[in-house]
Amino acid sequence: MRTRALYAGLLAAAGIVAAPQAAAQDAVKEIEKYREALQDGNPAELWEARGEDLWKRPAGPRKVSLEKCDLGLGPGVVKGAYAQLPRYFADADRVMDLETRLVHCRMTLQGLTREEATKQPFGAGTDRKSDNDALVAYVTAESKGVKMNVPLAHPKEKEMYALGEKMFYFRGGPYDFSCATCHAADNTRIRLQDLPNLTKPAGAQLAYTGWPAYRVSQGELRTFQWRLNDCFRQQRFPELAFTSDASIALTSFLARNANGAEFKAPTIKR
Amino acid sequence: MADPMRIRANVDASGVTEVKVLMNHEMETGQRKDASGKTIPAWFIQNVTATHGGRTVLSAQWGPAVSKNPFLSFKFKGAQKGDKVQVTWVDNRGDKRTDEATIA
């Protein structure tokens, strides 16, 4: 149906023919090649362009742009801001990730209600585009090539990190799953997808710096809030509320563990 | 109104211009059904043309097999640095979008 998806299917099929052990290795390499081939012409750029426009265009009841929004490095500083999030914001007295902060700015600067600022957190096709997705694409792209440097100094940041760590190992739901069930061992995979070991720096760095990403199979740019939301769905946990403390805590834990790595997103994934 | 395309164009030392275009389009095949079981009508780009100084350098007919948010890359000769290249698409609803890029 979709040429890109079809290409992935062919590559996957090619991997299955070889011996099992070698097949896994080859498939991983082939998927890498597929990602590389797609990186040039990543449709995430379309979201970045729309996000930049949304960032700079006056909107909301107060008719102001988001250019005065403080993402942690001072009002209006976008470059490199994402590499230092989540962090504590004194004006809100809360640790915030990027998406929570964007909602905050749209409410306090532009005068939107919480409902308006969170009404379409994740995009679903042309009719239901998400401003959040676009803004996240723009802001994160401005941190491309910047080293992750998430602070852990303020007591509330430490509190969030500790909570996130606890949640990562917390088993629950009908399958008695935790994040660690799938993400705490080396060299594991689901079907042909590698599962990063998020308890080690290398795994956390690889995983965290690759989000947000354009998902070819969904035709959408997916943010880190979406990623966690979908992890919860896969674990059959209760739905992770958008910009909830639970989502920020897990993000804090994973982002901090990725410190020192170069931020690479928005990337493209199958 | 459709969202803008992203176009990059670079000319190399041998005079070949490489153009890379990202288009913003749903590219609905007409084969899928929505949650209520109703067919989602086909909606895709049908014609793509690229022009350089009034000369058509690429003309293509597309169908529903092309991916969502398509990426198109092609090369042509005869352009100089600073020239403009225009890309236009027309979809099966008659929607149209034209964008322009300066060759670097």
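What you see is a predicted model, and the numbers here were worked out from it, not measured in a lab.

Definitions and cut-offs
Residues numbered from 1 in each chain as written. Chains lettered and ligands numbered in written order. Predicted model: local features only at pLDDT ≥ 70, side-chain atom pairs only at ≥ 80, totals over all residues. Heavy atoms only, no water. Buried < 20%, exposed > 50% of the residue type's maximum accessible area, 1.4 Å probe, protein only. Helix = DSSP H or I, 4+ residues; strand = E, 2+ residues; numbered from the N terminus. Contact = heavy atoms within 4.5 Å. Polar contact = N/O pair within 3.5 Å; in protein donor to acceptor, adjacent residues only side chain to side chain. Phe/Tyr/Trp six-rings, centres within 6.5 Å; stacked < 30°, edge-to-face > 60°. Lys NZ or Arg CZ within 6 Å of the ring centre and 35° of its normal. Pairing = 2+ DSSP bridges. Axes fitted to C-alpha atoms, helices over the stretch in contact; angles between N-to-C directions. Parallel < 35°, antiparallel > 145°, perpendicular 65-115°, else oblique. Nonpolar A, V, L, I, M, F, W, Y, C, P; charged D, E, K, R; others polar. Buried area = accessible area lost by both parts, 1.4 Å probe. Salt bridge = Lys/Arg side-chain N within 4 Å of Asp/Glu carboxyl O. pLDDT = per-residue confidence, 0-100. Domains from an automatic or database assignment.

## Remarks on helix 6 (residues 131-141) of chain A
Residues and elements named next belong to chain A.
Next up, step 1: When you tally the buried positions in helix 6, you get 10 out of 11 residues, the bulk of the element.
Next up, step 2: Of all the residues in helix 6, the buried ones are Asn132, Asp133, Ala134, Leu135, Val136, Ala137, Tyr138, Val139, Thr140 and Ala141.
Next up, step 3: Residues of helix 6 that are buried sit in contact with helix 3 (44-56), helix 4 (98-108) and strand 6 (220-222).
Next up, step 4: Looking at where helix 6 begins, the residue whose side-chain oxygen comes 3.2 Å from the main-chain nitrogen of asparagine 132 is serine 130.

## Describing the packing of aromatic side chains
Next up, step 1: Applying the stated criterion across every chain, the model contains 13 aromatic pairs over all chains.
Next up, step 2: Taking the centre distance of 6.1 Å and the plane angle of 50 degrees together, the rings of tryptophan 55 of chain A and tyrosine 138 of chain A count as tilted. Placement of the pair is tryptophan 55 of chain A in helix 3 and tyrosine 138 of chain A in helix 6, with a sequence separation of 83 residues. Just as tryptophan 55 of chain A is buried, tyrosine 138 of chain A falls in that class too.
Next up, step 3: Here the aromatic rings of phenylalanine 232 of chain A and phenylalanine 237 of chain A are separated by 5.3 Å at their centres, their planes lie at 90 degrees, and the arrangement is edge-to-face. Comparing phenylalanine 232 of chain A with phenylalanine 237 of chain A shows no difference in burial state: the two are buried.
Next up, step 4: Sitting above the plane of the tryptophan 43 of chain B ring, arginine 93 of chain B keeps its charged end 3.8 Å from the centroid.

## Topic: the pairing of strand 2 (residues 16-22) of chain B
Two faces make up the sheet, and in a regular strand the side chains alternate between them.
Residues and elements named next belong to chain B.
Next up, step 1: For strand 2, the buried fraction is high: 6 of the 7 residues fall into the buried class.
Next up, step 2: As judged from the 6 bridges shared by strand 1 (residues 6-11) and strand 2, these two strands associate in the antiparallel manner. Note that in strand 2 the partner of alanine 9 across the bridge is valine 19.
Next up, step 3: Connecting the antiparallel pair strand 1 and strand 2 is a turn made up of 4 residues, with glycine 15 showing a positive phi of about 85 degrees.
Next up, step 4: Relative to strand 5 (residues 71-77), strand 2 runs antiparallel, the two sharing 7 bridges. Residue lysine 20 lies in a different strand from strand 5, and its bridge partner there is serine 73.

## Looking at the packing of helix 3 of chain A against helix 6 of chain A
When two helices pack together, their arrangement is given by the angle between the helix axes and by the axis-to-axis distance.
All names here are of chain A.
Next up, step 1: For the pair helix 3 and helix 6, interaxial distance at closest approach is 7 Å and the crossing angle is 95 degrees. Between helix 3 and helix 6, the crossing angle belongs to the class labelled roughly perpendicular. Here helix 3 contributes Ala44, Trp47, Glu48, Arg50, Gly51, Glu52, Leu54, Trp55 and Lys56 to the contact with helix 6, which in turn contributes Asp131, Asp133, Ala134, Leu135, Ala137, Tyr138, Val139 and Ala141.
Next up, step 2: Classifying every residue of the contact of helix 3 with helix 6 by side-chain character gives 10 nonpolar, 1 polar and 6 charged.

## Let's talk about the interface of chain A and chain B
Next up, step 1: Between chain A and chain B, the residue contacts involve 20 residues of the former and 21 residues of the latter.
Next up, step 2: In total, chain A and chain B occlude about 1700 Å² of area from one another, counting both sides; carbon and sulfur atoms represent 47% of this.
Next up, step 3: The tally of links from chain A across to chain B stands at 3 salt bridges.
Next up, step 4: Between arginine 6 of chain B and glutamate 45 of chain A there is a salt bridge; the shortest N-O distance is 3.6 Å.
Next up, step 5: Linking chain A with chain B are 3 residue pairs in polar contact (both at pLDDT 80 or more).
Next up, step 6: When residues of the side of chain A that touches chain B are traced back to their parent elements, those giving at least two are helix 1 (3-17) and helix 3 of chain A.
Next up, step 7: Partitioned by chemical class, the residues of the side of chain A that touches chain B number 6 nonpolar, 7 polar and 7 charged.

## Description of the confidence of the model for chain A
Next up, step 1: Mean pLDDT over chain A: 86, with 91% of residues reaching 70 or higher.
Next up, step 2: Here helix 1 of chain A stands out as the least confident element of chain A, with mean pLDDT 46; helix 7 (residues 155-169) of chain A is the most confident, with 94.

## Quick look at the confidence of the model for chain B
Next up, step 1: Confidence in the prediction of chain B, expressed as mean pLDDT, is 92, and 99% of residues score 70 or more.
Next up, step 2: Quick note on the complex model: pTM equals 0.81, ipTM equals 0.74.

## Focus on the domain arrangement of chain A
Residue and element names in this part refer to chain A.
Next up, step 1: When its domains are assigned, chain A resolves into domain 1 (3-39) and domain 2 (44-269).
Next up, step 2: Averaged C-alpha coordinates put domain 1 and domain 2 at centres separated by 28 Å.
Next up, step 3: Contacts between domain 1 and domain 2 engage 11 residues on the former and 9 residues on the latter.
Next up, step 4: Between domain 1 and domain 2 lies a buried interface of about 880 Å² when both sides are counted; carbon and sulfur atoms form 66% of it.

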